[in-house]
Amino acid sequence: MRKRILVVGFTCVDVVNVCNKFPIEDEDLKVSSQYWAKGGNAANTACVLAQNPNIDVHLFSYLSYQPENDFVIRHLKEYNINLEGCPITFDKKFPMSCCILNEANGSRTILHYNNDFPSVKFEDFLKLDILSYDWIHFEGRNLIEVSKMIAYVRQILLKQKFPKHIIISGEMEKFSRLIELEKYLLPNVDILFIGKEIGLGKGFKSSEETIIHYSSKKNLKPEIFICPWGETGAFASKYVSSTGSVFYFKSDSIVCKNIVDTLGAGDTFIAGTISKFICNEELDAAIKYGCLVAGLKCTQYGFDNLFFKAGSY
């Protein structure tokens, strides 16, 4: 039976400019290519998850039906992502991200304009059939509303005569949101993905240092912490309540040549890891697969066929 995952978060438009070097200030630089694509952490994660035939992916994100934004909706539907629960605005354009991809090293630089676009609210979340999901993943934004959503899920689960288990995961990515992330997300999820930016912002030099710091804190909700760290791989911890023990897992990244596009690599790692974990793989195998598909993503533009390519490794 297919597992059903709800991904909660953000969708936008990415205007991607591919350059043979990073521009300097006041320079007139011709780009190698330019294209528009759907973007946003939640939308990217959903598109990668949907490549697993054993998963039924539902997106919960505000969508725009302005004519120039139609391609975003079409792209999401091409992946067979269920959009029925998404709130819709007809008078606002999607937020825009101008992305600069440096062909020389694969780096990505993002300039973002929100366009006064609405975020999903708790009142919209109440319309969803929560008990139909096996896993709910929350992007780390709009955190006061997200904390209400998580509390609501917990409340529903407690009221069930025959308990159903729904895994709740979240991501801490932006260091600028750290105070809110640690207040509203950190204490409430079962599995927490912690981005490299968070670790560096707190003064840590590796995923190991980051995970050991968070997993050693007492009385926190997450049983599993996971931290991808780019080319050095990923590190994770798992707390076993029956013994009170914490186990650690390390996965190296795959060695990829011809890195061309790191845009969305973190979203791909999260999707790859969840896709294995929800299908009953062990944590070490899940983060290894997350590293694999994230590495493969960096060798191509966009997110197509990642699970197919990973099958040959």
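Please read these numbers as outputs of a predicted model, since none were measured by experiment. (Residues numbered from 1 in each chain as written. Predicted model: local features only at pLDDT ≥ 70, side-chain atom pairs only at ≥ 80, totals over all residues. Heavy atoms only, no water.)

1. As for the overall build of the protein
Working step 1: Regarding its fold elements, the protein presents ten helices and 14 strands.
Working step 2: Computed over C-alpha atoms, the radius of gyration of the protein comes to 19 Å, within 12% of the 20 Å expected from 2.2 N^0.38 for 313 residues, which places it in the range of a compact globule.
Working step 3: Within the protein, the fraction of its 313 residues that count as buried is 51%.
Working step 4: Here the contacts in the protein between residues at least 6 apart in sequence split such that 66% fall between residues at least 24 apart.
Working step 5: Of the roughly 15200 Å² of accessible surface on the protein, a fraction of 52% belongs to carbon and sulfur atoms.
Working step 6: Positive and negative side-chain charges in the protein, numbering 35 and 36 respectively, have mean positions lying 5 Å apart. (Helix = DSSP H or I, 4+ residues; strand = E, 2+ residues; numbered from the N terminus. Rg over C-alpha atoms; globule rule 2.2 N^0.38 Å. Buried < 20%, exposed > 50% of the residue type's maximum accessible area, 1.4 Å probe, protein only. Contact = heavy atoms within 4.5 Å. Areas by Shrake-Rupley, 256 points an atom, 1.4 Å probe, with all protein chains shown as cover. Lys, Arg positive; Asp, Glu negative; His and termini not counted. Charge placed at Lys NZ, Arg CZ, Asp CG, Glu CD.)

2. A short note on the pattern of salt bridges
Working step 1: If you walk through the whole model with that rule in mind, you get eleven salt bridges.
Working step 2: For D56, the salt bridge identified is with R4, shortest N-O distance 3.3 Å. Taken together, the positions of D56 in strand β4 (residues 55-60) and R4 in strand β1 (residues 3-8) put the pair 52 residues apart, joining distant regions of the chain.
Working step 3: Classification of D56 as buried rests on a relative accessible area of 17%.
Working step 4: A relative accessible area of 27% means that R4 is categorised as partly exposed.
Working step 5: Two residues, K202 and E182, come together in a salt bridge whose shortest N-O distance is 3.6 Å. You can see K202 sitting in the loop between α6 (196-201) and α7 (207-215) and its partner E182 sitting in helix α5 (residues 178-185), a full 20 residues away along the chain. (Salt bridge = Lys/Arg side-chain N within 4 Å of Asp/Glu carboxyl O.)

3. Focus on helix α8 (residues 265-277)
Working step 1: Its 13 residues place the ends of α8 18 Å apart at the C-alpha level, agreeing with the 18 Å of an ideal helix rising 1.5 Å per residue.
Working step 2: Extensive coverage of α8 is indicated by the burial of eleven of its 13 residues.
Working step 3: Within α8, the full set of buried residues consists of A265, D267, T268, F269, I270, A271, G272, T273, I274, S275 and F277. (Expected span 1.5 Å × (residues − 1).)

4. Details of helix α9 (residues 283-297)
Working step 1: In a regular helix each residue adds 1.5 Å, so 15 residues correspond to 21 Å; α9 covers 21 Å between its end C-alpha atoms and thus fits that length.
Working step 2: Of all 15 residues that make up α9, twelve are buried, and the element is covered over most of its length.
Working step 3: Those residues of α9 lying buried are L283, A286, I287, Y289, G290, C291, L292, V293, A294, G295, L296 and K297.
Working step 4: Contact partners of the buried residues in α9: β12 (224-228), β13 (234-240), β14 (245-251), α8 and α10 (306-310).

5. Remarks on a nonpolar patch on the surface
Working step 1: Together, I212, Y239, V246 and Y248 make up an exposed nonpolar region whose accessible area comes to about 340 Å².
Working step 2: Inspection of the secondary structure puts I212 in helix α7.
Working step 3: With relative accessibility at 41%, the residue I212 sits in the partly exposed group. (Patch = residues over 30% accessible without salt bridge, like charges linked within 9 Å, V, L, I, M, F, W, Y side chains within 5 Å.)

6. Focus on the environment of L143
Working step 1: Topologically, L143 is positioned in helix α4 (residues 143-158).
Working step 2: As for L143 and K183, which are separated by 40 residues in sequence, their C-alpha atoms are 8.9 Å apart.

7. Observations regarding the sheet that holds strand β8 (residues 108-113)
Working step 1: Spatially, the four strands line up as an open sheet ordered β3-β2-β7-β8, and their pairing is mixed. The two strands at the open ends of the sheet, each matched to only one other strand, are β3 (33-39) and β8. Direction aside, the axes of adjacent strands within the sheet are offset by 20° on average.
Working step 2: Bridging between strand β2 (residues 12-19) and β3 involves seven bridges; their strand directions are antiparallel. Bridging across to β3, N17 finds its partner in Q34.
Working step 3: Along the sheet face, helix α2 (residues 70-78) touches β2 and β3 and points at about 65° away from the line of β3. (Pairing = 2+ DSSP bridges. Axes fitted to C-alpha atoms, helices over the stretch in contact; angles between N-to-C directions.)

8. With respect to unusual backbone geometry
Working step 1: The phi dihedral of D26 is positive, around 65°, even though this residue is not glycine.
Working step 2: Position of D26 among the secondary structure elements: in the loop between β2 and β3.
Working step 3: By relative accessible area, which is 81% here, D26 ends up exposed.
Working step 4: If you check the backbone angles, N305 has positive phi at about 60° while not being a glycine.
Working step 5: Tracing the sequence through the fold places N305 in the loop between α9 and α10.

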